[in-house]
Amino acid sequence: MNWFARFLRPVQDAAAVLDARQEQLLADWRQSSDVDLRRSHYRSRYVVIDVEASSGDAHTARLLAVAAVAVIDGQIAFRDAWQLLLPEVEPGAASPSVGVTEAPAEVPAEVPMVEGLLSFLGFVGKAPVVAYNARFVRRVLKRALAEYLGVRLRLPWLDMAWILPDLFREVDAGPERLDAWLEHFGIASIKRHDALSDAFATAQLLQIAVAHAASKGFETPASLRELEKARRHLHQSA
């Protein structure tokens, strides 16, 4: 295949060869229904995601870990958590303690990337996904999903780094300062820069954000997306 043919090759052509079971899992995810973003926060399932990567450059960073925590009907679902730890992660990082009452489902480190990412898609479904500094998280994940599964991830994303400053304008925290938000709301981060711990902390910020947003008339995931979009537009126009 020459370079031009490779350039035109659709992203659905995964680098990895999937077996029949994996193909079926992927087809099931692709065919699952989109989520109605106009439903109330308190009738929605959000999935809060964080990653660990080999560097801060999202274009080249290698994915080391992914963690996800569900927020269902406004409540953190402690039994609805997921993480993938890849073999490069130090053994000591494989047993995070985030104060949950039930151990999260965990994919063993020896499980190949393909199986882990299929499990990730099965956990997330088509839910709106939330992250702090979502651009970095999204790029690292999208690159891994495209490389191993041929998936172009097009889920609705929400970035708390943009939403929080608009909802809480009295708080003096820069857009990159997750620690400042955690301190302001008295949220203890069990282990910063651990994907599951940071996802759990961000899920608590989401709970605070949706409660405050609802009181101001932003009552759905769609309205939070509009809020974020407006703030980005304002920032870029300044």
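Note that the structure is predicted; figures quoted are calculated from it, not measured.

Draft legend 1. Main features of the overall build of the protein. The helix and strand inventory of the protein stands at 8 helices and 6 strands. When the helices and strands of the protein are read in sequence order from the N terminus, they spell out α-α-β-β-β-β-α-β-α-β-α-α-α-α. The 238 residues of the protein split such that 47% are buried. If you take every contact in the protein between residues at least 6 apart in sequence, the share linking residues at least 24 apart comes to 71%.

Draft legend 2. Representation of helix H5 (residues 160-167) within the structure. Of all 8 residues making up H5, 8 are buried, and the element is well covered by its neighbours. Where H5 is concerned, the buried positions are Met160, Ala161, Trp162, Ile163, Leu164, Pro165, Asp166 and Leu167. Elements that come into contact with the buried residues of H5 comprise strand E5 (129-131), strand E6 (157-159), helix H6 (178-184), helix H7 (195-215) and helix H8 (221-237). Measuring from the backbone nitrogen of alanine 161 back to the side-chain oxygen at the start of H5 gives 2.9 Å, which picks out aspartate 159 as the cap.

Draft legend 3. Just the nonpolar core, in detail. Ile49, Leu63, Phe120, Leu121, Leu141, Leu149 and Trp157 are the most contacted members of the largest nonpolar core, which has 39 residues in total. Elements that contribute at least two residues to this core include exactly helix H2 (20-31), strand E1 (45-53), strand E2 (63-72), strand E3 (75-85), helix H3 (113-124), E5 and helix H4 (134-149). Residue contacts for leucine 141: discarding those within four places in its chain leaves Ile49, Val51, Leu63, Val66, Phe120 and Trp157. Counting 36 residues, the second largest nonpolar core, distinct from the first, contains Val71, Leu158, Leu205 and Ala213.

Draft legend 4. Local environment of the confidence of the model for the protein. The predicted model of the protein has a mean per-residue pLDDT of 83, with 81% of residues at 70 or higher. Mean pLDDT values for the elements of the protein range from 36 in helix H1 (residues 3-8) up to 97 in E5. Low pLDDT (under 50) marks residues 1-13, which in the prediction has 9 contacts with non-local residues, meaning those over four places away or in another chain. Note that pLDDT drops below 50 for residues 89-103; the model gives that stretch 20 contacts with residues more than four away or on any other chain.

Scoring rules and cut-offs
- Along each chain, the written sequence defines residue order, and numbers are assigned to residues from 1.
- Local features in this predicted model are restricted to residues of pLDDT 70 or higher, and side-chain atom pairs are both shown and tallied only at a pLDDT of 80 or more, whereas totals for entire chains, interfaces and linings draw on every residue.
- In computing side-chain values, all of the structure's heavy atoms are included and hydrogens and water are not.
- Helix and strand labels come from DSSP, where a helix needs a run of H or I of at least four residues and a strand needs a run of E of at least two; each type is numbered from the N terminus.
- For every residue, the accessible area obtained with a 1.4 Å probe (protein chains only) is divided by the maximum for its type, and the residue is called buried under 20%, exposed over 50%, and partly exposed between those limits.
- Throughout, a residue-residue contact means that at least one pair of heavy atoms, one from each residue, lies within 4.5 Å.
- Here a polar contact means two N or O atoms within 3.5 Å. Within protein one must be a hydrogen donor candidate and the other an acceptor candidate, and residues neighboring in sequence count only if both atoms are side-chain atoms.
- By nonpolar core we mean a set of buried residues, namely Ala, Val, Leu, Ile, Met, Phe, Trp, Tyr and Cys, connected to one another through side-chain atoms within 4.5 Å.
- pLDDT is a per-residue confidence score from the predictor, ranging from 0 to 100.

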